[in-house]
Amino acid sequence: MSEEDGGKEYAYFLGCITPNRYPGIEAATKKIFKGFGIESKEMVGASCCPAPGVFGSFDMHTWLPVAARNLAIAEEMGLEIFVTCNGCYATLQEADHLLKKHPKLKEKTNKILSEIGREYKGTTKVNHSIVIMHDIIGLDKLKERITKPMNDVNVAVHYGCHFLKPREVRGHGSSETPYILEDLVKVTGAKEVDYKDKLMCCGAGGGNRTADSVQSLEWTRQKLVNATIAGCDCMVHPCAFCHLQLDRGQAEMNKAFGTDFNFPILFITQFLGLAMGLSVKELGLDIQTTTIPEKLLK
Amino acid sequence: MGDLEEEYDYTKIPPTGSAEGIAAGAPEDSPRIGVYVCHCGINIKMTVDVEDVMRYAASLPNVVVARHYIFMCSDPGQDLIRKDLAAGRINRVVVASCSPRMHEPTFRKTCSDSGLNPFYYEMANIREHCSWPHGDFHKEATEKAKELVRSAVARSALLEPIEEKLVDVKPEALVIGGGVTGMYAALDIANGGYKVHLVESKPSIGGHVAQLSRTFPTLERTASLLTPRMIEVGAHPNIDLMTYSEVEEIGGYIGNFDVKVKRKPRYIDTEKCKDCTPCIEACPVKDIPDEFNEGLSTRSAIYIPFPFAVPPAYTIDAEHCLLLKEGKCGDATLETIKEGKAVPPCMAACPGVIDFEQKEEIEEFTAGTIIVATGYDLVNPEVSAEYKYGVYPNVITSMEFERLLSPGGPTGGKIELNGKEPKDIMFISCVGSRNKQVGNEYCSRVCCMYLAKQAYLAKEQLPDANVTVCFQDVRAFGKGFEEFYGDVKTKGVFYMRGLPGEIYKKPGSDRVVVRGENTLIGEPYEQEADLVVLGMGLAPNKDVESIISMLKLSTSVDGFLMEAHPKLRPVDTATDGIFIAGCCVSPKDITDSIAQGKATASGSLRYLVQGRAVIEPAISQIDEEICIGCGRCAEVCPYGALELDEVRHVMTVNEAICKGCGGCNSVCPSGAATMKHYRDRQVYAQIDALTEVTDVGRLAEPESASAAEVAAEASAGAADTGSETGEVEGAETEAVPSAG
Amino acid sequence: MGTLYEDMVDYGGEVFGREHLETLRECVQCGKCTGGCPSGRNTALRTRKLMQMALLDMREEIFNAPELWFCSTCFTCYERCPKGVKTTDIIRTLRNLAAKEGHMSVPHRMIGVYVMKTGHAVPIGPAQMELREAVGLESQPPTAQHPQNKEQLEQVQKLFRATNYDAMIDFDWDTMNLRGMDKGGKK
């Protein structure tokens, strides 16, 4: 798999939440990538990645072959993968890493996969869409496409957990001093504003949301309040699962506790899309729980 | 696993025994070898049948007597050898026991004390190379031990007597590093009557200790402890103090190290400088972060590092002085100064003392011994990014706090941040230490105590402040330390167990919040603080790379300089005459640093006082009859020990520099260059003895191997276990194994 | 069944390598994990204590503790542990062992039900198909849930059978639900 800028094809691993709950993320990402000559190819028959903190917590010995099957689909297509969810990233990147590192594990996994006529070969690579934007497309090219700069907008950046961590497996540098999302936000002219517990988890992962959704929403509440106190106008992130928790979570909190949260939550390509002149409708920002204020649209 | 015909029961082996060798009765002038097989308590005999090995030894060529004994290195053990020598029974000694690194010197002395040249002594390592690694394989280990003895005996017959060489030792020492360790090393040698060249790269001696406010556990003021010694060093007639200087080159060998020191120019006539201040006030550059104050204050380009600096001289910092860096200060340039026209403000404020014409100078001298005492750097606080050093001004390092505590520091000794007294202070232990993920697995040893000291002083100065130490352990190992730790807590410092996870800025405030778990009650906490002090660990001084390569020093896995033996030789290096001491070896406090400094002085004085040192004699020798003077040996010699004698057109060896690596031997086309005590014929004899094919004790043989294959396998295996001393240069060129 | 530590190293070691899980023994209880844990601030989860309990073979206490499931696997402790203890992976493995012994809540087991039924933990329904059309995408992506990809879904289901996941959560292939549950999720 060689690296070129643009004019490239990737297998877009959709996961569950992006296609089935927040298709705006899928539309935004596909549109932006296409604008830079990157074709997103569908992965026929892909399943749940499966969710790393969830299935990884219940049975790693099941998690791995199901993940390997998804990797094998992309290998058959002869393409590298990109994702728009940290959870999918965690599963596919880590499964790929483990299978490449431990030959015996690969052998054992392929024995199981052979029962369904598939084989993991180790010939694909798992990319997060934000790395493709930052490193393959590049900040300069992105900047050229900004037609509606976000100069007055204060952005709270939320990384989620599984993009940066564990750094020894992901390889994106320090998990305490990241820069990729900040750079992407700045490309639009917006200001990235630090806020208390910027790097903290949204609360959804690891089966926590399912285990105790009220408790998990407390983490979300804290993040939203902190971003608000710091003067942020919206929160931008790279993870569909965080998107669910942060966006839908506000409706859940409002319903359960009578709060009136409506803090705009945007996947990074939705945010970039706005700055590149795409419409709220095209980006699926009108089919979310939270709404986009004028400030982001002028 | 080998066949178990009968169980080997080592307890049945008697404490000693002997057998007459087949060469008993050989003529006086032939090699008459005594072989002594050691049990090493049970270390060897537990796996190796030492009686069997002894009997086997007795059957070897040139062996007149073989004995076994429970502890050969003991006095009665050595007596066995002494008696045989005294009786004239033997003229060669082979001991089959432990590693030569353990007892080669012991048994060589046994021989020389009895009048036998010590180089007639040979050793077979049947412990580290046999009984220990092959503990489960009694039969095979015994056979291997026999092979090792056979090899040693073969070589023994070919050994030659060698006289140890002595070289003169110049009665001068070099000490690199003018911190407390180097100072005390220099003082002991100087007071012992010998000259010391003390080289320090900074403008003043004193090192990091000079930055400390007080020392634990007595809380004495560091300046009062250190300044008298600094003055003594500066004034001592036997100490040639070279500050603002760096060692450029070191050549030579023990007793005669040729040293080149670069003296950096201060641009000030230190004799005339009166340590007053007008030049500092006049200097237009005022914003250089002051290194001595850890960047908490600024200094000018002309400065003295601290008031009690020794020598008490100013220095102009060429990296920041406008005239030196940019060629112009105000209207002045080097030309205008020379022409007596415009001068820079410093010269105007103080005429006749500043001299921009000063140049770097090289001083050369020869030293008998060298002591390396280059100290430490603080670990970079940014390695623990979760504590936000450099992001929040409330978070400072322990050394920065030390400067706040010091009366001569940036706040005159007042603990304050931006002019405000902190109400809540938290100290954090183990930052950058005991941490695999930042690459420093080791403990920095002194932080528990220095944090206790700092916390105590904080509470003393600010009795109403909340002072908390977040700790993992409290290592109060030294004299008075545990008692002091009790006093610290009684004073009101709260020790909370748990390394904090992270620090964040309290929104809308200039305070920070420390998050951690109080592990003793199992509850997470969020504690606000005005000031957080990070207990930074100690790391090896980064600037000593050149010294390491000049002296061919080894470093340990943790990056510190490596001592010759961690327990028995804490200040020696692998090279005689070169010593290391203080924090450059491992983190330690002032007490231990001084003790090590003094230890190296003692080690040096041994050579300086005797005026001579023994040179390892197992080195290169040129046969001048054969040498054609082609110089190939000199090309490969890493030490520069070989030189062409132009007149006679033969190569000559500097016996003091040669380290006996064997490189010359392997490239010499005529065979003129050989190694004393490692002659080709001696080494080949060992190899031949090891590669003899015997019919006992091999591990499972390949099923249909031909004799040639078995022989090839035997020699391949044997080459690995080859000689236990020296290089096997010749083995690479040995084409065909002897058996077939 | 050996000690909890041994079982954990055996089970997790097959995926991560044994040394990865053996790091647990290097824990010095410094507390940096709990110190930065976002869950610990809001729940009874004490990561440090969990590590110690695992070493103390407190199997039942751990398996029955609700807080075992309050870790969001954010990996913050994993990043910061000075001894390199692989905390998050140890917790996941402990959870695996607990799940094998039936300590798995119904909602957690239902996630597996959705994947086995549809291929997705969060399946698509008619309302979400409309959302897709609203942003100009085809109404259903060609994943394992798509009616045209039945063999693909069968592959996924086969995998869950091959690893006995179905048995672990007590899945009934006839009702395509947890055994004893009706469509409304009630027993």
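Moving on to the overall build of chain C. A tally of regular secondary structure across chain C gives 11 helices and two strands. Along chain C, helices and strands appear, N-terminal first, in the series α-α-α-α-α-α-α-α-α-α-α-β-β. Across its three principal axes, chain C shows a C-alpha extent of roughly 55 × 40 × 30 Å. Sequence separation of at least 24 residues holds for 59% of the intrachain contacts in chain C that already meet a minimum separation of 6. Carbon and sulfur atoms provide 51% of the accessible area of chain C, an area that totals close to 7400 Å². Positive and negative side-chain charges of chain C, numbering 24 and 24 respectively, have mean locations separated by a distance of 6 Å.

A tally of helices and strands in chain B yields 20 helices and 35 strands. Seen through its principal axes, chain B has C-alpha atoms that stretch 90 × 75 × 50 Å. Across the 740 residues in chain B, those meeting the buried criterion constitute 54%. Long-range pairs, those at least 24 residues apart, make up 70% of the contacts in chain B between residues at least 6 apart in sequence. As displayed, chain B offers around 32900 Å² of accessible surface, 51% of which is attributable to carbon and sulfur atoms. Here chain B contributes 73 positively and 109 negatively charged side chains, and the mean placements of these two sets differ by 6 Å.

Another point: unusual backbone geometry. Trans peptide bonds make up most of the peptide bonds, and negative phi angles are found at most residues other than glycine. Residues Lys165 of chain A and Pro166 of chain A are joined by a peptide bond in cis, for which omega reads -10 degrees. Note on placement: Pro166 of chain A falls in the loop between strand S5 (154–157) and helix H8 (167–170). In this chain, Val310 of chain B is followed by Pro311 of chain B through a cis amide linkage whose omega measures -5 degrees. Residue placement: Pro311 of chain B occurs in the loop between strand S16 (302–303) and strand S17 (315–316). Its identity as a non-glycine residue notwithstanding, Cys40 of chain B has a phi of 50 degrees, on the positive side. Of note, Cys40 of chain B is situated in the loop between strand S2 (33–38) and helix H1 (50–58). By relative accessible area, Cys40 of chain B is classed as buried at 13%. Unusually for a residue other than glycine, Asp170 of chain C sits at a positive phi of about 65 degrees. For Asp170 of chain C, a relative accessible area of 34% gives the class partly exposed.

As a further point, take the packing of aromatic side chains. The final tally for this structure, using the stated rule, is 23 aromatic pairs over all chains. On the basis of an interplanar angle of 75 degrees and a centroid distance of 6.3 Å, the ring pair of Phe55 of chain A and Phe58 of chain A is categorised as edge-to-face. Here Phe55 of chain A pairs with Phe58 of chain A, and both are found in helix H3 (residues 52–58), just three residues apart, close to one helical turn. As far as burial versus exposure is concerned, Phe55 of chain A and Phe58 of chain A are alike and both buried. Between Phe58 of chain A and Trp69 of chain C, the ring centres sit 5.9 Å apart and the planes meet at 45 degrees, which makes this aromatic pair tilted. With Phe58 of chain A in helix H3 and Trp69 of chain C in the loop between helix H5 (59–63) and helix H6 (76–80), this residue pair bridges two chains.

Our next topic: the interface of chain C and chain A. With 61 residues of chain C in contact, the opposing surface of chain A contributes 71 residues. A combined buried area of about 5800 Å² lies between chain C and chain A, and 60% of that area is made up of carbon and sulfur atoms. Ranking the residues of chain C by area buried against chain A places Val15, Glu79 and Leu159 of chain C at the top, with a combined share of 12%. The tally of links between chain C and chain A comes to six salt bridges. Between Arg167 of chain A and Glu79 of chain C there is a salt bridge, and its shortest N-O distance comes to 3.0 Å. Here chain C is connected to chain A by 37 residue pairs in polar contact (both at pLDDT 80 or more). Of all the elements in the fold, those that place two or more residues in the side of chain C that touches chain A are helix H1 (4–16), H6, helix H7 (87–100), helix H8 (106–118), helix H9 (126–134), helix H10 (150–162) and helix H11 (165–168) of chain C. Among the elements that make up the side of chain C that touches chain A, the one with the highest residue count is H10 of chain C (seven residues). The residue makeup of the side of chain C that touches chain A, split by class, is 32 nonpolar, 19 polar and 10 charged.

Let us now look at the confidence of the model for chain B. Residues and elements named next belong to chain B. Residues of chain B with pLDDT of at least 70 account for 93%, and the chain-wide mean is 91. Note on residues 697–705: pLDDT is under 50 here. Beyond four places in sequence and across chains, it has nine contacts. Here residues 716–740 scores under 50 on pLDDT; set against residues more than four positions off or in separate chains, the count is 34 contacts.

This part takes up the sheet that holds strand S12 (residues 245–253) of chain B. All names here are of chain B. One open sheet accounts for three strands, arranged S12-S13-S18; its pairing is antiparallel. Looking at which strands have only one partner, the edges of the open sheet turn out to be S12 and strand S18 (361–367). Strand-to-strand twist of the sheet, defined as the mean angle between neighbouring strand axes without regard to direction, takes the value 20 degrees.

Another point: the interface of chain B and chain A. Contacts between the two partners involve seven residues from chain B, matched on the other side by six residues from chain A. Across the interface of chain B and chain A, roughly 600 Å² is buried in total on both sides, 47% from carbon and sulfur atoms. Of all residues in chain B, Gln437, Tyr504 and Pro507 of chain B bury the most surface against chain A, accounting for 46% of the area lost on that side. Among the ionic pairs, Asp197 of chain A bridges to Arg515 of chain B, the shortest N-O distance being 2.7 Å. In this assembly, chain B and chain A are joined by three residue pairs in polar contact (both at pLDDT 80 or more). Classifying every residue of the side of chain B that touches chain A by side-chain character gives three nonpolar, one polar and three charged.

We now examine the sheet that holds strand S24 (residues 494–497) of chain B. Backbone-to-backbone hydrogen bonds join strands into a sheet, with any given pair of strands oriented parallel or antiparallel. Residue and element names in this part refer to chain B. An order of S21-S28-S22-S23-S24 is seen for the five strands of this open sheet, with the pairing classed as parallel. The open sheet has two free edges, formed respectively by strand S21 (395–397) and S24, since each of these has just one partner strand. When strand polarity is set aside, the average angle formed by the axes of neighbouring strands in this sheet is 25 degrees. Direction of pairing for strand S22 (residues 424–431) relative to strand S28 (residues 531–536): parallel, over a ladder of five bridges. Looking at the pairing, Val431 lines up with Met536 of S28. Its contacts with the sheet put helix H13 (residues 447–461) on S22, strand S23 (466–471), S24 and S28, and the angle it makes with S22 is roughly 175 degrees.

Below, the discussion takes up the nonpolar core. Nonpolar side chains tend to gather and get buried jointly when the protein is soluble and globular. Grouped together as the largest cluster of nonpolar side chains are 151 residues, with contacts concentrated most on Phe55, Ile81, Ile268 and Phe271 of chain A. Here this core gets nine residues from one element, more than from any other, and that element is helix H4 (residues 60–77) of chain A. Leaving out residues up to four positions away in the same chain, Phe55 of chain A has contacts with Cys48, Pro50, Met60 and Trp63 of chain A together with Ile111, Gly112, Val115, Phe160 and Tyr165 of chain C. Membership of the second largest hydrophobic core comes to 103 residues, among which are Tyr184, Cys329, Cys346 and Ile578 of chain B.

Residue and element names in this part refer to chain B. Domain parsing of chain B yields domain 1 (2–156), domain 2 (278–349), domain 3 (377–539) and domain 4 (620–676). Across the boundary between the two partners, domain 2 contributes five residues, which contact six residues of domain 3. Contact between domain 2 and domain 3 buries roughly 530 Å² in total, counting both sides, with carbon and sulfur atoms accounting for 67%. Of all residues in domain 2, Asn293, Glu294 and Leu296 give up the largest surface area on contact with domain 3, accounting jointly for 80% of the area buried on that side. Run the count over domain 2 and domain 3 and you get zero salt bridges. Where domain 2 meets domain 3, there are two residue pairs in polar contact (both at pLDDT 80 or more). Looking at the side of domain 2 that touches domain 3, its residues break down into two nonpolar, two polar and one charged.

Before going further, it helps to examine the domain arrangement of chain C. According to the domain assignment, chain C contains domain 1 (4–100) and domain 2 (106–183). Relative placement of domain 1 of chain C and domain 2 of chain C: their C-alpha centres are 30 Å apart.

Okay, the environment of Gln454 of chain B next. Residue and element names in this part refer to chain B. Relative to the helices and strands, Gln454 is located in helix H13. Residues Gln454 and Thr215 lie 239 residues apart in sequence; the distance between their C-alpha atoms is 9.5 Å. Leave out the neighbours within four places in its chain, and Gln454 touches Ser398, Phe401, Glu402, Leu405, Phe427 and Val533.

So, on to the environment of Leu45 of chain C. All names here are of chain C. Within the fold, Leu45 resides in the loop between helix H3 (32–36) and helix H4 (47–55). Judged by relative accessible area, Leu45 falls into the buried class, the value being 1%. Residues Leu45 and Thr76, 31 residues apart in the sequence, show an inter-C-alpha distance of 14 Å. Setting aside residues no more than four positions away along its own chain, Leu45 makes contact with Cys37, Ser39, Gly40, Leu50, Glu67, Phe70 and Cys71.

The rules behind the values
- For every chain, the first residue of the written sequence is number 1, and numbering continues from 1 along that sequence.
- Chains and ligands are labelled by the order in which they are written, letters from A for the one and numbers from 1 for the other.
- It should be noted that, the model being predicted, local features are given only for residues of pLDDT at least 70 and side-chain atom pairs only at 80 or more, the latter also being counted only at that level, while totals for whole chains, interfaces and linings use all residues.
- In computing side-chain properties, one takes all heavy atoms of the structure into account and sets aside hydrogens as well as water.
- Runs of H or I in DSSP of at least four residues are treated as helices and runs of E of at least two as strands, each being numbered from the N terminus.
- Contacts are assigned to residue pairs with any non-hydrogen atoms lying within 4.5 Å of each other.
- Note on areas: Shrake-Rupley with a 1.4 Å probe; residue coverage comes only from the protein chains shown.
- By the counting rule applied here, Lys and Arg register as positive and Asp and Glu as negative, while His and the ends of each chain are not counted.
- For the purpose of locating charges, the reference atoms are NZ of Lys, CZ of Arg, CG of Asp and CD of Glu.
- Only protein chains enter the accessibility calculation, which uses a 1.4 Å probe; a residue is then buried when its area is under 20% of its type maximum, exposed when over 50%, and partly exposed in between.
- Classification of ring pairs rests on two measures: the distance between centres of Phe, Tyr or Trp rings, Trp counted by its six-membered ring, which must be within 6.5 Å, and the angle between planes, read as stacked under 30 degrees, edge-to-face over 60 and tilted in between.
- Each of two parts loses accessible area, computed with a 1.4 Å probe, when they are put together; buried area is these two losses added.
- The rule for a salt bridge is simple: a side-chain nitrogen of Lys or Arg has to be within 4 Å of a carboxyl oxygen of Asp or Glu.
- Under the rule applied, a polar contact is a pair of N or O atoms within 3.5 Å (in protein, one hydrogen donor and one hydrogen acceptor; residues adjacent in sequence only if both atoms are side-chain atoms).
- Classification convention: Asp, Glu, Lys, Arg as charged; Ala, Val, Leu, Ile, Met, Phe, Trp, Tyr, Cys, Pro as nonpolar; all other residues, Gly among them, as polar.
- For every residue, the predictor assigns a confidence score, pLDDT, that lies between 0 and 100.
- For two strands to pair, DSSP has to find at least two bridges joining them.
- Angles here are taken between N-to-C directions and fall from 0 to 180 degrees, while the axes themselves are lines fitted to C-alpha atoms, restricted in helices to the stretch in contact.
- To qualify as a nonpolar core, a set must consist of buried Ala, Val, Leu, Ile, Met, Phe, Trp, Tyr and Cys residues joined through side-chain atoms within 4.5 Å.
- Note that domain bounds follow an automatic or database assignment of domains.

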